[in-house]
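Here is how the chains run, residue by residue.
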Amino acid sequence: MPRIPYLEIDELSDEAKGFIALAEKAGSPDARVLKILFRSPLGLAWYRYWQSLNNEGEISRDLKEL
């Protein structure tokens, strides 16, 4: 168990709930990590940026993972 408690589903914004649902479906990243990261608006902004970085652009996702 982490020192920082996980956010409960009712404490999350609709956007955060969507990201967690995607993570649970894909199996990555660990949804528990997101429930800690989203305690901060900056954490949500960073994850939004990370998602766009990975899912948009001309370079394939496989190359980005390298």
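Residues numbered from 1 in each chain as written. Predicted model: local features only at pLDDT ≥ 70, side-chain atom pairs only at ≥ 80, totals over all residues. Heavy atoms only, no water.

*Asks:* Hey, could you run me through the environment of alanine 26 in this one?
*Replies:* Its place among the elements puts alanine 26 in helix α1 (residues 14-26). According to the relative accessible area criterion, alanine 26 is exposed, its value standing at 60%. Sequence-wise, alanine 26 and glycine 43 are 17 residues apart; in three dimensions their C-alpha atoms are separated by 20 Å. (Helix = DSSP H or I, 4+ residues; strand = E, 2+ residues; numbered from the N terminus. Buried < 20%, exposed > 50% of the residue type's maximum accessible area, 1.4 Å probe, protein only.)

*Asks:* Would you mind showing me how to read the pattern of salt bridges here?
*Replies:* Any two side chains of opposite charge can pair, on the condition that their charged atoms come close. Applying the stated criterion across every chain yields a total of 2 salt bridges. Arginine 48 is the partner of glutamate 15 in a salt bridge, and the nearest nitrogen-oxygen pair spans 2.7 Å. A residue pair is termed long-range when its members are at least 10 positions apart, and glutamate 15 in helix α1 and arginine 48 in helix α3 (residues 41-55) qualify at 33 residues. Of the residues examined, arginine 48 reaches a relative accessible area of 38% and is grouped as partly exposed. Close ionic contact of aspartate 30 with arginine 32 constitutes a salt bridge, the shortest N to O distance being 2.6 Å. Judged by relative accessible area, aspartate 30 falls into the partly exposed class, the value being 31%. (Salt bridge = Lys/Arg side-chain N within 4 Å of Asp/Glu carboxyl O.)

*Asks:* What is the right way to read the packing of aromatic side chains from this model?
*Replies:* Two descriptors summarise a pair of aromatic rings, namely the distance from one centre to the other and the angle between the planes of the rings. Under the criterion given, the structure shown has 5 aromatic pairs. Pairing phenylalanine 19 with tyrosine 47 gives two aromatic rings, centres 5.0 Å apart and planes at 75°, and the pair type is edge-to-face. Note that phenylalanine 19 is positioned in helix α1 and tyrosine 47 in helix α3, a separation of 28 residues in sequence. Of the two residues, phenylalanine 19 and tyrosine 47, neither departs from the other in class, the shared state being buried. Linked through ring pairs, Phe19, Phe38, Trp46, Tyr47 and Trp50 together constitute an aromatic cluster. (Phe/Tyr/Trp six-rings, centres within 6.5 Å; stacked < 30°, edge-to-face > 60°.)

*Asks:* So what exactly am I meant to see when it comes to the packing of α1 against α3 here?
*Replies:* Close contact between α1 and α3 brings their axes to 11 Å; oriented N to C, the two are set at 50°. Overall, the two elements α1 and α3 adopt an arrangement that is oblique. Of the two elements, α1 crosses α3, and the hand of that crossing is left-handed. When α1 is examined against α3, the residues Glu15, Ala16, Phe19 and Leu22 are found in contact with a partner set consisting of Leu44, Tyr47, Arg48 and Gln51. Partitioned by chemical class, the residues of the contact of α1 with α3 number 5 nonpolar, 1 polar and 2 charged. (Axes fitted to C-alpha atoms, helices over the stretch in contact; angles between N-to-C directions. Parallel < 35°, antiparallel > 145°, perpendicular 65-115°, else oblique. Left-handed = near helix turned anticlockwise from the far one by under 90°. Contact = heavy atoms within 4.5 Å. Nonpolar A, V, L, I, M, F, W, Y, C, P; charged D, E, K, R; others polar.)

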